[in-house]
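Remarks on the overall topology
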Amino acid sequence: MLKTDKIKFSYAQEKILKGIDLEIEAGAFIGIIGPNASGKSTLLKNMSKTLKSDSGSIYLEHKLLNDYNSLELAKKMAVVPQNTEVNFNFNVYDIIMMGRHPYQKRWSGLSQKDKKIVKEVMEVTDTLKLKRKLINELSGGEKQRVIIARALAQKPDILMLDEPTSSLDINYQGEIYDLLDYLNQEFNLTIITVSHDLNLTAQYCEELLLLKEGKIFAAGPATEVLTEKNIKAVYNAEVIIRTNPLSEKPFVTLIPEVNRMKKRKQKDFKIHVIAGGGTAKNWLYKLENLGYQLSIGILNIGDADWQAAKELGIEMVEAPPFIDISEKEIQKNKKLIQKADLIILSDLPFGHGNLANLEVLLNYPDKTKILFSNLDIKKRDYIKGKAEKIWNELLEEDENIYLLKEKDNLISKIKKLEN
Amino acid sequence: MGENKKNIFIYLAAVIFSLVLIFLAMFIGSSQINSADITAYIINSKAVSASTAIIIGEIRLPRIILAFIVGAGLAVAGAVFQAIIRNPMVDPYIIGISAGAGTGVMLALFLGIEITIFNLNSLPAFAFLGAVLTVFTVYQLARVGNKLPVLTFLLAGVAVSFILNSLMSFLMVLRTENLQQLVYWLMGSLAGTAWSDVRMILPYFLTALAVIVFYLKDLNILLLGEESAAHLGLNVERTKIILLGAASLMTASVVSVSGSIGFIGLVVPHIARMTIGPDHRRLIPLAALFGASFLLIADTAARTIMAPMELPVGIITALAGGPYFIYLLRNKSKNIW
């Protein structure tokens with residue numbers, strides 16, 4: 001449908017696009033993302049002939065974009081630019097009817113076809129009820145739907161939108177993308193959006209295009225493009241990627257800068273935490289804030305404690321869920337424990353998968369340990385006494401163990417041990 | 001359908017109002033002519049006495065017609081400029097066109113050039129030349145790449161206006177013998193209008209009007225913003241230049257006979273827009289009717305308030321338009337379109 005071949009573009013002396021090769025199939029729903037000045041809007045403007053590429057070529061349905069005159073192009077391609085501020089008071093119907101401009105002769109009135117198409121697009125975009133309203137009486141979301149309706153009235157094969165939701169409240173953002181999704185599914189409309197909102201884009205677009213400094217850094221489905229490594233490389237930001245439980249699409253969360261700043265004011269006291277199942281997440285934040293150097297292991301990927309540790313940027317040994325911890329991970333965990341001044345074992349339950357987390361403690365009789373004992377080990381033992389046996393062995397042979405009955409006393413206990 | 005009926009009513013009212021105004025303006029003046037004579041004159045110009053016929057036919061009627069054309073022209077040009085620049089604060093004055101046209105005319109008068117080519121008086125041509133040169137200069141000064149930012153356009157217009165105004169003042173100082181006439185011209189006046197004035201500007205006026213009417217629909221599309229307009233298949237730069245040219249020609253043609261009559265180009269498009277909405281296919285004709293009526297009232301007042309002395313009509317339009325514009329600013333600063 002749309003193909004670009006090594007397009008380059010510069011504003012004055014500054015190179016914005018440094019050779020973009022793209023091929024977009026009919027019916028695709030593409031989201032272009034990237035940091036500011038990565039060239040995403042410029043790419044869209046090149047593809048919509050608003051800007052003319054310095055070199056390279058763009059083909060729309062196997063014909064050079066430059067060979068289309070503006071009216072021909074307006075029938076194939078509709079664009080919703082970033083600034084759609086309409087600072088004059090047309091009514092909604094008139095605005096949408098302007099989308100028929102490429103089909104109308106200068107002096108002809110409105111044809112039955114024009115009226116029919118405008119009515120259709122108003123139905124699709126749910127703007128029929130706004131028909132007689134003035135554009136400035138509408139909310140941001142309604143306004144954007146009207147602008148999209150006008151674009152649809154052009155009967156395009158391809159719709160491009162530059163930051164379609166950047167000025168909208170969150171409820172309208174979803175509404176607009178739902179509409180785009182519907183148009184894509186129902187009418188096989190090819191849609192290309194540019195957005196700085198990674199999560200919205202990931203949620204709705206079939207394919208993402210991640211730009212960095214005028215080049216395509218990554219392209220493909222959201223799960224492949226939105227990785228911690230890619231985001232770090234392109235945005236220089238520490239993020240954690242979770243999975244949206246409803247859509248199973250990736251979901252990006254920024255790790256707050258504060259947490260990384262704190263690292264610089266750390267205490268010279270290392271604590272290794274053994275936890276899981278969310279038994280540590282509540283106090284991990286506190287320990288981090290107090291400036292202790294934390295490590296944690298071994299956690300299952302996706303576990304609540306794992307997410308907390310990820311967000312805090314704690315050094316961690318992780319393992320895939322639902323299988324036994326492997327020897328390799330145990331070795332890694334041991335390395336962290338070796339460095340620690342204190343080991344904390346939370347009140348986690350033990351099963352086949354994580355028994356190694358308890359066993360490992362037997363190797364360090366000299367290290368100071370805090371063991372949560374607010375829950376009886378018998379109740380947390382899901383492997384027929386194996387965990388209990390190790391627990392008792394620990395208590396018998398180890399003199400450096402402090403049992404903690406009250407969770408709330410954890411901090412004060414650590415402070416005592418620290419001195 | 002209700003909207004259509006309303007619009008028809010508005011137009012009907014505006015046309016009737018204008019006709020009544022023309023009729024009234026015909027028998028207001030320093031010599032008394034009763035309405036029977038005027039009616040008789042309208043039916044058959046030979047039916048009244050020779051002096052009455054001259055007063056009506058050679059003095060009042062050309063002036064009324066000219067007021068009509070000038071008022072309509074300024075309002076239409078103002079509406080076009082506001083649409084192209086997408087800013088309701090623009091009129092031919094603010095961006096220096098009037099000053100440019102004025103300087104052109106003054107230069108022509110100063111150098112004593114007044115050549116008639118093919119029966120066309122060259123004064124409007126000079127005004128046009130001055131106006132177009134000014135628009136071109138302002139456009140070039142304000143342009144950034146291939147974009148025309150509104151703010152720089154206005155500022156460039158103001159700056160160029162200042163320069164041209166001082167140039168006009170300088171020419172006035174050099175040519176003191178008919179200073180009063182020049183001052184009147186600068187303030188805007190329709191005094192001493194003859195049919196020759198109407199004939200002089202009519203070709204330019206009609207040409208410009210035809211172009212604007214041809215592009216009425218494109219004006220609406222332009223209002224969506226240049227980027228959106230381009231995506232709807234409009235050749236934005238070409239349309240802008242043609243319309244700027246036509247509006248400049250229109251302004252230049254009327255300024256060449258009337259001098260600088262202020263505020264019509266700014267305020268009348270607003271009133272028309274508030275009455276009938278922003279669609280230029282309806283707005284431009286109504287703005288023309290409103291502008292014509294407004295100037296006719298103002299001019300009739302100008303020649304009667306201090307009769308037999310004449311006030312420059314520009315004083316009256318500014319006096320009426322200024323406060324109204326301030327009222328607009330205070331009340332509708334958000335939603336001025």
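Residues numbered from 1 in each chain as written. Chains lettered and ligands numbered in written order. Predicted model: local features only at pLDDT ≥ 70, side-chain atom pairs only at ≥ 80, totals over all residues.

Some remarks on the overall build of chain B
Quick note on the threshold: A helix here means a DSSP run of H or I that spans at least four residues, while a strand means a run of E at least two residues long, and both kinds are numbered starting from the N terminus. Counting other C-beta atoms within 10 Å of its own, a residue is labelled buried from 20 upward, exposed at 12 or fewer, and partly exposed in the gap between, with every C-beta atom placed from the backbone.
Scanning chain B from N- to C-terminus turns up 14 helices and 2 strands. Burial status across chain B gives 48% buried among its 337 residues.

Comments concerning the overall build of chain A
Which entries qualify depends on this criterion: As a reference, a globule follows 2.2 Å times the number of residues to the power 0.38, and the radius of gyration itself is taken over C-alpha atoms. C-beta atoms are first placed from the backbone for all residues, and any pair lying within 7 Å is then listed as a contact.
A tally of regular secondary structure across chain A gives 17 helices and 18 strands. Here the C-alpha radius of gyration of chain A, 29 Å, is well above what a compact globule of 419 residues would show, namely 22 Å. When the backbone C-alpha atoms are referred to their principal axes, chain A occupies close to 100 × 45 × 40 Å. The 419 residues of chain A split such that 41% are buried. A separation threshold of at least 6 residues defines the contact pool for chain A, and within that pool the share at least 24 residues apart is 65%.

A closer look at the interface of chain B and chain A
Counted only if it meets this: Note on residue categories: nonpolar means Ala, Val, Leu, Ile, Met, Phe, Trp, Tyr, Cys or Pro, charged means Asp, Glu, Lys or Arg, and polar means any other residue, Gly included.
With 19 residues of chain B at the interface, the matching set in chain A holds 23 residues. Secondary structure elements with two or more residues in the side of chain B that touches chain A: helix 9 (216-223) and helix 10 (226-231) of chain B. Split by residue class, the side of chain B that touches chain A holds 8 nonpolar, 8 polar and 3 charged.

Examining the packing of helix 3 (residues 50-85) of chain B against helix 8 (residues 195-214) of chain B
Two measures define how a pair of helices packs: the angle their axes make with one another and the distance between the axes. Residue and element names in this part refer to chain B. To keep it simple, the criterion reads: Only the stretch in contact is used when fitting a helix axis, every axis being a line fitted to C-alpha atoms; angles between N-to-C directions are given from 0 to 180 degrees. Small angles under 35 degrees read as roughly parallel and large ones over 145 as roughly antiparallel, with 65 to 115 read as roughly perpendicular and the rest as oblique. Note: crossing handedness is left-handed where the near helix turns anticlockwise from the far helix by less than a right angle, and right-handed where it turns clockwise.
The interhelical angle for the contact between helix 3 and helix 8, taken along N-to-C directions, is 30°, at an axis separation of 10 Å. Taken together, helix 3 and helix 8 sit at an angle that is classed as roughly parallel. In the packing of helix 3 onto helix 8, the handedness of the crossing is left-handed. Residue-level inspection shows P62, I65, L66, I69, G73, V76 and V80 of helix 3 in contact with helix 8, the latter providing W195, D197, V198, I201, F205 and I212.

Considerations on the packing of helix 3 of chain B against helix 11 (residues 236-258) of chain B
Residues and elements named next belong to chain B. Remark: helix 3 packs on helix 11, axes separated minimally by 9 Å, with the N-to-C direction vectors making an angle of 150°. Judged by the inter-axis angle, helix 3 sits roughly antiparallel to helix 11. With respect to the hand of their crossing, helix 3 and helix 11 are arranged in left-handed fashion. Across from L66, I69, V70, G73, L74, V76, A77, V80, F81 and I84 in helix 3, the residues of helix 11 making contact are K240, L243, L244, A247, M250, T251, S253, V254, V257 and S258. For the contact of helix 3 with helix 11, a count of residues per class yields 15 nonpolar, 4 polar and 1 charged.

A few points about the domain arrangement of chain A
Condition: Where each domain starts and ends follows an automatic or database-derived domain assignment.
On domain assignment, one finds that chain A holds domain 1 (2-240) and domain 2 (257-418). Distance from the C-alpha centre of domain 1 of chain A to the C-alpha centre of domain 2 of chain A: 50 Å.

Some remarks on helix 11 of chain B
Operational definition: Any helix carries an expected span of 1.5 Å times its number of residues minus one.
With 23 residues, helix 11 of chain B should cover 33 Å at 1.5 Å per step; its first-to-last C-alpha distance of 32 Å lies within 8% of that length. Downstream of helix 11 of chain B by one or two residues, B:G259 has phi in the positive range, about 75°.

Comments concerning the confidence of the model for chain B
Residues and elements named next belong to chain B. Worth spelling out the cut-off: Confidence scores labelled pLDDT are given residue by residue by the predictor and lie between 0 and 100.
Of all residues in chain B, 88% have pLDDT values of 70 or greater, and the mean over the chain is 81. Taking the mean pLDDT of every element in chain B, the minimum, 50, falls on strand 1 (residues 116-117) and the maximum, 92, on helix 13 (residues 280-304). The ipTM value of the predicted complex is 0.79, and its pTM value is 0.75.

With respect to the sheet that holds strand 18 (residues 401-404) of chain A
Residues and elements named next belong to chain A. Applied cut-off: Here, any two strands with at least 2 DSSP bridges between them count as paired.
Strand order in the open sheet made by the 6 strands is 15-14-13-16-17-18, with parallel pairing throughout. In the strand order of this sheet, the two ends are held by strand 15 (315-319) and strand 18, each with one partner. Strand-to-strand, the axes of this sheet are offset by a mean angle of 15°, without reference to chain direction. When strand 17 (residues 368-372) meets strand 18, the two strands line up parallel, connected through 4 bridges. Within strand 18, the residue paired with L371 across the bridge is L403. Each of strand 14 (293-300) and strand 15 touches helix 12 (residues 304-312); the most contacted strand, strand 14, lies at about 145° to it.

As for the pairing of strand 17 of chain A
Residue and element names in this part refer to chain A. Most of strand 17 is tucked away: 4 of the 5 residues are buried. As paired strands, strand 16 (residues 342-345) and strand 17 are joined by 4 bridges and run parallel to one another. What sits directly across from I343, in strand 17, is K369.

Comments concerning the pairing of strand 10 (residues 215-220) of chain A
Residues and elements named next belong to chain A. Examined bridge by bridge, strand 9 (residues 207-212) and strand 10 share 5 bridges and lie antiparallel to one another. In the sheet register, L210 faces strand 10, and the bridge partner there is A218. Two successive antiparallel strands, strand 9 and strand 10, enclose a turn made up of 2 residues, where E213 displays a positive phi of approximately 45°.

A few points about the environment of B:Q82
Residues and elements named next belong to chain B. Relative to the elements of secondary structure, Q82 occurs in helix 3. Spatially, the C-alpha atoms of Q82 and S161 are 18 Å apart, while their sequence positions differ by 79 residues. Contacts of Q82, omitting those with residues within four sequence positions, involve N87, P88, V90 and P269.

Describing the sheet that holds strand 1 (residues 2-11) of chain A
One open sheet holds the 4 strands; their spatial order is 2-1-4-5 (chain A), and the pairing between them is antiparallel. Looking at the sheet topology across the chains shown, the edges are occupied by strand 2 (14-24) and strand 5 (63-64) of chain A.

Considering the nonpolar core
Threshold: What we call a nonpolar core is a set of buried Ala, Val, Leu, Ile, Met, Phe, Trp, Tyr and Cys residues whose membership is set by joining through C-beta atoms within 7 Å.
In this structure, A:I96, B:A75, B:V76, B:V80, B:M250 and B:A287 are the most contacted members of the largest nonpolar core, which totals 177 residues. For this core, the element with the highest residue contribution is helix 3 of chain B, accounting for 20 residues. Each residue touching A:I96, except ones within four places of it in the same chain, is listed here: A:V118, A:V121, A:M122, A:V146, A:A149, A:R150 and A:A153. Within the second largest apolar cluster, 40 residues are counted, among which are A:A309, A:M316, A:I377 and A:I414.

Quick look at helix 11 (residues 281-290) of chain A
Since one α-helical turn is 3.6 residues long, residues separated by three or four positions face the same way. Residue and element names in this part refer to chain A. What counts, and what does not: Taking the helix axis as origin, the arc is that swept by the directions to the C-beta atoms.
Within helix 11 the residues assigned to the buried category are L284, L287 and E288. Down the axis of helix 11, the buried set is contained in an arc of 100°. They therefore lie on one face. Away from its buried face by more than 90 degrees, helix 11 exposes K286 and N289. Positive phi shows up at G291, right after helix 11, with a value of about 95°.

Here we look at the confidence of the model for chain A
Detail in the predicted coordinates should be disregarded across regions flagged by low pLDDT. Mean pLDDT for chain A: 88, with 97% of residues reaching 70 or above. By mean pLDDT, helix 10 (residues 257-262) of chain A is the weakest element of chain A at 59, and strand 8 (residues 190-194) of chain A is the strongest at 95.

Thoughts on the environment of A:L198
Residue and element names in this part refer to chain A. Take L198: it is sitting in helix 7 (residues 198-204). The spatial distance from the C-alpha of L198 to the C-alpha of L210 is 9.8 Å, given a sequence separation of 12 residues. Look past the residues within four positions of L198 in its chain and what remains in contact with it is I33, L226 and V252.

Let's talk about unusual backbone geometry
Residue and element names in this part refer to chain A. Each neighbour pair has its own omega, and for G297 with I298 the value is -10°, a cis peptide bond. Mapped onto the elements, I298 comes out in strand 14. For K6, which is not glycine, the phi torsion reads 50° and is therefore positive. As for its placement among the helices and strands, K6 is situated in strand 1. K6 sits in the partly exposed class, given 13 other C-beta atoms within 10 Å. Although it is not a glycine, N188 adopts a positive phi angle of roughly 55°. Relative to the elements of secondary structure, N188 occurs in the loop between helix 6 (170-187) and strand 8. A count of 11 C-beta atoms within 10 Å places N188 in the exposed class.

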